[in-house]
Amino acid sequence: MNFQWYPGHMTKAKRQMQEDIKLIDLVIELVDARIPLSSRNPDIDELGKNKARLILLNKSDLSDERKNETWASYFKEKGFYVVKLDARRRNSMKEIQNVILEACKEKIERDRRRGIKNRPVRAMVVGIPNVGKSTFINTFAGKACAKTGNKPGVTKGKQWIRLNKDVELLDTPGILWPKFDDQMVGLRLALIGSIKDEILNIDELSLELISYLKENYAGTLAARYEVEETVERPVELLEAIAQKRGCVQRGNEIDYSKAAALVVDDFRSGRLGRITLELPEAE
Ligand code: GDP
């Protein structure tokens, strides 16, 4: 789902989260594994201080496996628990369950010393729009008890989803906004499809992608579109792709926009392979 935020939304969402965070032991933060920093909210570390922290590198089925490892180490070094995830699949849910208990072991131990038994750990899911929060809640809870998609601004009574005797999850995820003001961040969010396509220039986007792929994933475009990557400018590569794919308008003119949309769509859907768009050391 695409999104646009306004200052009113942001203030309200942040205030709501400040309230919700008081109720929980653990923040489960979803980021997009293709852009783990650009898909984070700048305020979450402040909001979540004094809480146990788990980062889920979601959509890791679409990102580069080696870079997933790099990012996992990066966040672990900063004191987060980390799990790589494809939120649509159930196979990581047991691991996450164990990591949650590990992350909250101090609280569990404290409860035990005080003679409190069977008080479940409480957690909430947070993240920017479209990172997979609802999908994760649905999969983790094992049934359709969280709606997929976002409805910012809709408030309802707090509901806890009881996952098992040890863990409860707040049913509504906390929706955070990314760092819009940073141009690179905006570009990367647009590439993964988190910003309305109508408000950005798909031609520009595809050229940025082509130049990134040429530099960091040499051979990818050549393999998919049967084009030479030796040309100097990204626009020449786009032209070659357009020709290969028959993206021409009336009068045999190259249809750059059609080719651009094709390349961006192939990237988003994983047809170009597993690609990560940013690395920690570059930040
Ligand atoms: P939310 O806005 O954070 O609640 O995001 P959603 O749960 O609505 O997910 C947004 C889109 O991403 C949906 O089309 C999901 O099917 C898709 N999605 C969620 N998790 C994954 C994942 O791990 N891998 C892939 N490939 N797609 C995912």
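Residues numbered from 1 in each chain as written. Predicted model: local features only at pLDDT ≥ 70, side-chain atom pairs only at ≥ 80, totals over all residues.

By the naming in an unreviewed UniProt entry, the chain is Ribosome biogenesis GTPase A, taken from Eubacterium ramulus ATCC 29099. Recorded under Function (unreviewed entry), the UniProt text for the chain is reproduced unchanged: "Required for a late step of 50S ribosomal subunit assembly. Has GTPase activity." If you open the UniProt record of the chain and go to Sequence similarities (unreviewed entry), you find "Belongs to the TRAFAC class YlqF/YawG GTPase family. MTG1 subfamily." (UniProt positions renumbered as here; feature names shortened; annotations may be inferred.)

With numbering aligned to this structure, UniProt lists the feature "binding site: GTP" (unreviewed entry) at Asn-58, Lys-59, Ser-60, Asp-61, Asn-130, Val-131, Gly-132, Lys-133, Ser-134, Thr-135 and Gly-174. A maximum C-alpha distance of 23.5 Å shows the annotated residues, which cover 117 residues in sequence, to be distributed over more than one spot. Judged by the 25 C-beta atoms lying within 10 Å of it, Ser-60 is buried. Each residue touching Ser-60, except ones within four places of it in the same chain, is listed here: Ala-33, Asn-68, Lys-84, Leu-85 and Asp-86. Its location among the elements puts Ser-134 in helix H6 (residues 133–141). Taking the number of C-beta atoms within 10 Å as the measure of exposure, Ser-134 has 20 and is therefore buried. (Buried ≥ 20, exposed ≤ 12 C-beta atoms within 10 Å, placed from the backbone. Contact = placed C-beta atoms within 7 Å. Helix = DSSP H or I, 4+ residues; strand = E, 2+ residues; numbered from the N terminus.)

Where helix H10 (residues 234–244) contacts helix H11 (residues 256–268), the two axes come as close as 9 Å, and the packing angle between them is 90°. Judged by the inter-axis angle, H10 sits roughly perpendicular to H11. Within the contact between the two elements, H10 uses Leu-238, Ile-241 and Ala-242 and H11 uses Tyr-256, Ala-259, Ala-260 and Val-263. Of the residues in the contact of H10 with H11, the class split is 7 nonpolar, no polar and no charged. (Axes fitted to C-alpha atoms, helices over the stretch in contact; angles between N-to-C directions. Parallel < 35°, antiparallel > 145°, perpendicular 65-115°, else oblique. Nonpolar A, V, L, I, M, F, W, Y, C, P; charged D, E, K, R; others polar.)

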